[in-house]
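Overview (structure and organization)
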Amino acid sequence: MSQLPEDVRSACRYFAFYIANGTLDVELLDGIDYRSALVQFGSPLEQAFAIFTNVLDVQPDGSVTNAGEAMYRAAQYVRRYCDPNYIIDPPFEDWETELV
């Protein structure tokens, strides 16, 4: 069994830490209590992780080139989930939100 590259594991770990700690894109999510909203039903948390991992760019050598962008796109979903008036710009493409 092979493992995900260290860079990918690190990016996922930080994303999970920031969501759990309440510090995912502090500027975008300032004043929004998203943790309880995401965990209440589970599916929103699943979607946030799907967006993060779908957007994450992993190079052939295993390095991650856009962890910040992947976190931001997931944060945009979280913001929209908690604030229906928030407009996601640019809108998500189908591949970004795909659950596989």
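Refer to the structure presented above.
Structure report, in brief. (Residues numbered from 1 in each chain as written. Predicted model: local features only at pLDDT ≥ 70, side-chain atom pairs only at ≥ 80, totals over all residues. Heavy atoms only, no water.)

Quick look at the overall build of the protein chain
Assigned secondary structure in the protein chain consists of 5 helices and 0 strands. The linear arrangement of helices and strands in the protein chain, starting from the amino end, is α-α-α-α-α. Radius of gyration (C-alpha) of the protein chain: 13 Å, near the 13 Å computed for a compact globule of 100 residues. The principal-axis extents of the C-alpha atoms in the protein chain amount to approximately 40 × 25 × 25 Å. Within the protein chain, contacts between residues separated by at least 24 positions form 58% of all contacts whose residues are at least 6 apart in sequence. Accessible surface, the protein chain: about 6300 Å² in total, of which carbon and sulfur atoms supply 52%. (Helix = DSSP H or I, 4+ residues; strand = E, 2+ residues; numbered from the N terminus. Rg over C-alpha atoms; globule rule 2.2 N^0.38 Å. Contact = heavy atoms within 4.5 Å. Areas by Shrake-Rupley, 256 points an atom, 1.4 Å probe, with all protein chains shown as cover.)

Remarks on helix α4 (residues 67–82)
Residues spaced three or four apart along an α-helix face the same direction, because each turn holds 3.6 residues. Across its 16 residues, α4 extends 22 Å between first and last C-alpha, which sits within 8% of the 22 Å expected from 1.5 Å per residue. Of the positions making up α4, those classed as buried are A70, M71, R73, A74, A75, Q76, Y77 and V78. (Expected span 1.5 Å × (residues − 1). Buried < 20%, exposed > 50% of the residue type's maximum accessible area, 1.4 Å probe, protein only.)

Considering the packing of aromatic side chains
Each aromatic ring pair is described using two quantities: the centre-to-centre distance and the angle formed by the ring planes. The tally for this structure, following the rule as stated, stands at 5 aromatic pairs. When the centroid spacing of 4.9 Å and the interplanar angle of 75 degrees are considered together, the rings of F15 and F49 count as edge-to-face. Residue F15 is located in helix α1 (residues 6–21), and its partner F49 is located in helix α3 (residues 43–55); the two are separated by 34 residues in the primary sequence. Note on F49: relative accessible area 29%, which makes it partly exposed. The interplanar angle of 65 degrees and the centroid separation of 5.7 Å between the aromatic rings of F17 and Y18 together place this pair among those described as edge-to-face. The class for F17 is partly exposed, based on a relative accessible area of 44%. Given the relative accessible area of 27%, Y18 is considered partly exposed. Linked through ring pairs, Y14, F17 and Y18 together constitute an aromatic cluster. It is R13 that lies over the ring of Y14; its NZ or CZ is 4.2 Å from the centre. (Phe/Tyr/Trp six-rings, centres within 6.5 Å; stacked < 30°, edge-to-face > 60°. Lys NZ or Arg CZ within 6 Å of the ring centre and 35° of its normal.)

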